Amino acid sequence: MREKESKKMPKLIPKNKMITMMCSKCQKEQDKIGFFDSGGASMWDGHFYCRGCFNKVFNQLSEKKKGEFGFYEKTKTSKS
Ligand SMILES: [Zn+2]
């Protein structure tokens, strides 16, 4: 006998996969994605991208904006 008690089964999400590792640009599942947020400077803000797409999106930013990203420090005086 099977009761129809399940309304909506919540999707089981593995702890290490809180989000779908899907690049918002190339629409492919990736091992590593990064959240892009330039504070409104890019139309690509607020989404996750794979390394390749992240770089493309990032490179569209102005030099000034790029400088606001921590990892962009390497072109300037590196501190660590
Ligand atoms: Zn991508």
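Refer to the preceding data block for the structure.
Predicted model, so just to flag it, every value in this text is computed and none were measured. (Residues numbered from 1 in each chain as written. Predicted model: local features only at pLDDT ≥ 70, side-chain atom pairs only at ≥ 80, totals over all residues.)

K.L.:
Explanation requested: unusual backbone geometry in the structure shown.
P.N.:
With a phi close to 60 degrees, glutamine 27 is a non-glycine residue in the positive phi region. By the secondary structure assignment, glutamine 27 is in the segment before β1 (33–36). Of the residues examined, glutamine 27 has 8 C-beta atoms within 10 Å and is grouped as exposed. (Helix = DSSP H or I, 4+ residues; strand = E, 2+ residues; numbered from the N terminus. Buried ≥ 20, exposed ≤ 12 C-beta atoms within 10 Å, placed from the backbone.)

K.L.:
How should the nonpolar core be read in this particular structure?
P.N.:
Generally speaking, a soluble globular protein has its nonpolar side chains buried in company with each other. Core analysis: the biggest nonpolar cluster contains 8 residues, these being Cys23, Ile33, Phe36, Tyr49, Cys50, Cys53, Phe54 and Val57. Broken down by secondary-structure element, the contributors of at least two residues to this core are β1, β2 (47–50) and α1 (51–59). Top element by residues in this core is α1. It accounts for 3 residues. With residues near it in sequence (within four places) discarded, valine 57 still touches Phe36, Ser42, Trp44 and Tyr49. (Core = buried A, V, L, I, M, F, W, Y, C linked by C-beta atoms within 7 Å. Contact = placed C-beta atoms within 7 Å.)

K.L.:
Would you explain the environment of tryptophan 44 in this entry?
P.N.:
Inspection of the secondary structure assignment puts tryptophan 44 in the loop between β1 and β2. Tryptophan 44 sits 20 residues away from serine 24 along the chain, and the two C-alpha atoms are 8.9 Å apart.

K.L.:
Just checking my understanding: could you explain α1 for this structure?
P.N.:
An α-helical segment advances 3.6 residues per turn. Residues three or four places apart therefore align on the same side. Buried within α1 are the following residues: Cys53, Phe54 and Val57. One face of α1 carries all of its buried residues, which in axial projection span an arc of 105 degrees. Away from its buried face by more than 90 degrees, α1 exposes Asn55 and Asn59. On its buried face, α1 sits against β1 and β2. (Arc of directions from axis to C-beta.)

K.L.:
Any chance you could explain the environment of asparagine 55 here in plain terms?
P.N.:
Along the chain, the position of asparagine 55 falls in helix α1. Since 12 C-beta atoms lie within 10 Å of it, asparagine 55 is described here as exposed. The spacing of asparagine 55 and phenylalanine 36 is 19 residues in sequence and 9.9 Å in space, taken between C-alpha atoms.

By themselves, these figures tell us nothing about what the structure is for.
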